[in-house]
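Here is how the chains run, residue by residue.
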Amino acid sequence: ESIRLIGDKIAAKNTVRKAGLPVVQGGLEAVKNKEEALRVAKRIKYPVIVKAASGGGGRGMRICHNDVRLISAIVTAQREAEAAFGNADVYIEKYIENPRHIEFQILGDHFGHIIQLGERDCTIQRRHQKLIEESPSPAIDPKLRKKMSDMAIRCAKSVNYINAGTVEFLLDSKNEFYFMEMNARIQVEHPVTE
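Overview of the structure. (Residues numbered from 1 in each chain as written. Predicted model: local features only at pLDDT ≥ 70, side-chain atom pairs only at ≥ 80, totals over all residues. Heavy atoms only, no water.)

### Re the overall build of the chain
Then step 1. Summing up its helical and strand segments, the chain has 6 helices and 9 strands in all.
Then step 2. Its C-alpha atoms give the chain a radius of gyration of 16 Å, near enough to 16 Å, the size a compact globule of 194 residues would have.
Then step 3. Each principal axis of the C-alpha distribution contributes one length, and for the chain these read about 45 × 35 × 30 Å.
Then step 4. Burial analysis of the chain (194 residues in total) assigns 45% to the buried set.
Then step 5. Across the chain, contacts joining residues at least 24 apart in sequence account for 58% of those joining residues at least 6 apart.
Then step 6. Per element, the accessible surface of the chain, about 10300 Å² overall, is 51% carbon and sulfur. (Helix = DSSP H or I, 4+ residues; strand = E, 2+ residues; numbered from the N terminus. Rg over C-alpha atoms; globule rule 2.2 N^0.38 Å. Buried < 20%, exposed > 50% of the residue type's maximum accessible area, 1.4 Å probe, protein only. Contact = heavy atoms within 4.5 Å. Areas by Shrake-Rupley, 256 points an atom, 1.4 Å probe, with all protein chains shown as cover.)

### Some points on the nonpolar core
Then step 1. Ranked by size, the top nonpolar core spans 25 residues in total, and within it Ile106, Met148, Val167, Phe169, Phe179 and Met182 carry the most contacts.
Then step 2. Of all the elements, helix α5 (residues 142-158) adds the most residues to this core, at 7 residues.
Then step 3. Every residue in contact with Ile106, bar those within four places of it in the chain, is listed here: Ile114, Ile115, Gln116, Ala152, Ala156, Tyr161, Asn163, Ala164, Gly165, Thr166, Val167 and Met182.
Then step 4. Ranked by size, the runner-up nonpolar core spans 14 residues in total, among them Val31, Val40, Ile44 and Ala73. (Core = buried A, V, L, I, M, F, W, Y, C linked by side-chain atoms within 4.5 Å.)

### Let's talk about the environment of Glu97
Then step 1. Checked against the element boundaries, Glu97 lands in the loop between β3 (90-94) and β4 (100-108).
Then step 2. Overall, Glu97 belongs to the partly exposed group, its relative accessible area being 49%.
Then step 3. As a C-alpha pair, Glu97 and Ile44 span 53 residues in sequence and 14 Å in three-dimensional space.

### Overview of the side chain of Gln105
Then step 1. Residue placement: Gln105 occurs in strand β4.
Then step 2. Polar side-chain contacts of Gln105 include one of 3.4 Å to the side chain of Thr166.
Then step 3. Not counting chain neighbours up to four residues away, the residues in contact with Gln105 comprise Ile115, Gln116, Leu117, Gly118, Arg120, Ala164, Gly165, Thr166, His190 and Thr193. (Polar contact = N/O pair within 3.5 Å; in protein donor to acceptor, adjacent residues only side chain to side chain.)

As structure tokens, this is what we get:
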């Protein structure tokens, strides 16, 4: 149940928002048509990003700076999401320019205990694929690290998570962070954090 919930990025975003985690401004439902997409973009202002609800690895993602690009991106992202994940649902959120990508490794047991094992800075990427990871992140101080790690644990608790996992955040230039997604598995980069 937890894996299914966090595997759907729209459902995960709504769940963690209700648990008090900061989320990027944007739609909290799948975009059904171009009129709805344009309404969301008008409300949150360009640039926006279209994301696949079941996505990962940069598939089904498109950055848009205007209405024309958004309409085109919705159709392309839906096709790509359907082909890659078997689910054409996409959503729109505010595009955060030049963010840091910070991930917290967590572990949860069957008794409701969840701990974090530190963070990785995964900012250096090419086509949304990580190239270099560093731990601890040089971008965050102890106070922000504690705040983010507390939110990672809160995220895992909000979905009753058991096992190893990763909670990912975007950190903007003002040191504001936002939940991006949670991965329900041990990741190949786990030893970087350890």
